[in-house]
Amino acid sequence: MHMEKNTDIERRLERVELLIGETEEHADPAMRRQIQEIVRGLLDYYGAGLERILDLAEQGGGSDLLQSIAKDELVSSLLMLHGLHPINLPTRVEQALDSVRPYLQSHGGEVELVDASDGAVQLRLHGSCHGCPSSAITMKTKIEQAIYEAAPDVTRVDVEEPANGATAMSTGAFVPLATLTHANGA
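The following paragraphs examine the structure supplied in this document. Counting starts from 1 at the beginning of each chain's written sequence and moves along it residue by residue. Restriction of local features to residues with pLDDT of at least 70 applies here, the model being predicted, together with a cutoff of 80 or more for giving and counting side-chain atom pairs; totals for whole chains, interfaces and linings are based on all residues. Only hydrogens and water are set aside; all other atoms, that is, all heavy atoms of the structure, feed into the side-chain values.

## Regarding the side chain of Arg 101
Then comes step 1: By secondary structure assignment, the location of Arg 101 is in helix 4 (residues 89–106).
Then comes step 2: At 2.5 Å, the side chain of Arg 101 forms a polar contact with the side chain of Asp 98.
Then comes step 3: Beyond its immediate stretch of four places on either side in the chain, Arg 101 contacts Glu 94, Glu 110, Val 111 and Glu 112. Starting at the N terminus, helices and strands are each numbered in turn, a helix being any DSSP run of H or I of at least four residues and a strand any DSSP run of E of at least two. Counting of polar contacts relies on pairs of N or O atoms within 3.5 Å, with two restrictions inside protein: one atom must be capable of donating a hydrogen and the other of accepting it, and residues adjacent in sequence are counted only when both atoms are side-chain atoms. The contact definition used throughout considers only heavy atoms, calling two residues in contact when any of these lie within 4.5 Å.

This is how it looks when you write it as structure tokens:
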């Protein structure tokens, strides 16, 4: 049943994104502004309700309940959308890095979080895969995948490789609303 709900939610989000696109293409500017104001008002309303729920959960259940709420993919995505996620961005990124560190270390690598703020993450790679020519790319891919799963609100990942001087690889992209609802592949 949970999978059916996720599929239904994904379909609805796809429909919303389609309608927004159509509105942007066809509505006159005054109508677009009205529609945007309506959407902003609804988002603010639901955001305030979510914030109240978090406050009540914290009072009634403490940090364990907040952690459970934060682990639910759908609820987590809504909290991120409203800037209310109880686990801050640097902590979520560190948790993602912790999940890939054993892999990196098994290939002679390590990663350091330099900064995580405003949706941008700056990392520094150390070491390399022993004799593996594509090790840096492989490590970056694993790291980025883990970060985007744990923190889909991240819009940019900069990876600095000290072995190449200060060469950095950046990836940045718009994060579609639908990806926030199934960040972990649900």
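That was the structure; now back to the text.
## A few points about the environment of Leu 84
Then comes step 1: Secondary-structure assignment places Leu 84 in the loop between helix 3 (73–81) and helix 4.
Then comes step 2: As a C-alpha pair, Leu 84 and Leu 50 span 34 residues in sequence and 8.0 Å in three-dimensional space.
Then comes step 3: When neighbours within four sequence positions are excluded, Leu 84 is seen to be in contact with Gly 47, Leu 50, Glu 51, Leu 54 and Leu 79.

## Quick notes on the packing of aromatic side chains
Then comes step 1: Stacked, tilted and edge-to-face are the three classes assigned to paired rings of Phe, Tyr and Trp, where Trp is represented by its six-membered ring and a pair needs centres within 6.5 Å; plane angles under 30 degrees give stacked, over 60 edge-to-face, the rest tilted. Counted according to the given criterion, the structure contains one aromatic pair.
Then comes step 2: Seen in terms of ring centroids, Tyr 45 and Tyr 46 are 5.5 Å apart; in terms of plane orientation they differ by 75°. Their pairing is edge-to-face.
Then comes step 3: Relative accessible area decides the class of each residue, using a 1.4 Å probe on protein chains only: under 20% of the type maximum gives buried, over 50% gives exposed, and in between gives partly exposed. Judged by relative accessible area, which is 60%, Tyr 45 ranks as exposed.
Then comes step 4: On the accessibility criterion, Tyr 46 (53% relative accessible area) is exposed.
Then comes step 5: For a lysine, the NZ atom is tested; for an arginine, the CZ atom; a charge sits over a ring if that atom is within 6 Å of the ring centre and within 35 degrees of the ring normal. Over the ring of Tyr 103 we find Lys 142, and its NZ or CZ is 5.0 Å from the ring centre.

## Focus on the pattern of salt bridges
Then comes step 1: For salt bridges, the criterion is a side-chain nitrogen of Lys or Arg within 4 Å of an Asp or Glu carboxyl oxygen. In the structure shown here, the tally under the stated rule is nine salt bridges.
Then comes step 2: Arg 11 is the salt-bridge partner of Asp 8, the closest N and O atoms lying 4.0 Å from each other. Of this pair, Asp 8 and Arg 11 both sit in helix 1 (residues 2–26), separated by three residues, roughly a single helical turn.
Then comes step 3: Note on Asp 8: relative accessible area 28%, which makes it partly exposed.
Then comes step 4: Between Asp 98 and Arg 101 there is a salt bridge, with its nearest N and O atoms 2.5 Å apart. Here Arg 101 and Asp 98 lie together in helix 4, a separation of three residues that amounts to about one turn.
Then comes step 5: Among the charged side chains, a salt-bridge network with shared partners connects Glu 94, Asp 98, Arg 101 and Glu 110.

## A look at the nonpolar core
Nonpolar side chains in soluble globular proteins tend to end up buried together.
Then comes step 1: We define the nonpolar core as a collection of buried residues of types Ala, Val, Leu, Ile, Met, Phe, Trp, Tyr and Cys that are connected through side-chain atoms lying within 4.5 Å of one another. Residues Val 93, Leu 97, Val 121, Leu 123, Ile 143, Ile 147 and Val 154 are the most contacted members of the largest nonpolar core, which totals 20 residues.
Then comes step 2: Mapped by element, the contributors of at least two residues to this core are helix 4, strand 1 (109–117), strand 2 (120–127), helix 5 (135–150) and strand 3 (156–161).
Then comes step 3: The biggest single contributor to this core is helix 4, with six residues.
Then comes step 4: Residue contacts for Ile 143: discarding those within four places in its chain leaves Leu 97, Val 100, Leu 104, Val 111, Leu 123 and Leu 125.
Then comes step 5: The next biggest cluster of nonpolar side chains, apart from the first, holds seven residues, and it includes Leu 50, Leu 54, Ala 57 and Leu 79.

## Quick notes on the pairing of strand 1
Then comes step 1: Here strand 1 pairs with strand 2 via eight bridges, running antiparallel. The residue of strand 2 that forms the bridge with Ala 116 is Val 121.
Then comes step 2: Should DSSP find at least two bridges between two strands, the strands are regarded as paired. With antiparallel pairing between neighbouring strands as the criterion, strand 1 and strand 2 make up a hairpin whose turn holds two residues, including Asp 118 at a positive phi of roughly 50°.

## Points about the side chain of Asp 158
Then comes step 1: Inspection of the secondary structure assignment puts Asp 158 in strand 3.
Then comes step 2: Within the local environment of Asp 158, its side chain forms a polar contact with the side chain of Arg 156, the two groups lying 3.1 Å apart.

## Section: a nonpolar patch on the surface
Then comes step 1: Only residues whose relative accessible area exceeds 30% and that take part in no salt bridge are eligible for patches, with like-charged residues grouped when within 9 Å of each other and nonpolar side chains (Val, Leu, Ile, Met, Phe, Trp, Tyr) grouped when within 5 Å. The Shrake-Rupley method, run with a 1.4 Å probe, gives the accessible areas here. Residue values count only the displayed protein chains as cover. Together, Met 31, Ile 35, Val 39, Leu 43, Leu 78 and Leu 81 make up an exposed nonpolar region whose accessible area comes to about 430 Å².
Then comes step 2: Among the secondary structure elements, those contributing two or more residues to the nonpolar patch are helix 2 (29–71) and helix 3.
Then comes step 3: Among the elements that take part in the nonpolar patch, helix 2 stands out by supplying four residues, more than any other.
Then comes step 4: With respect to the helices and strands, the residue Ile 35 is situated in helix 2.
Then comes step 5: Judged by relative accessible area, which is 30%, Ile 35 ranks as partly exposed.

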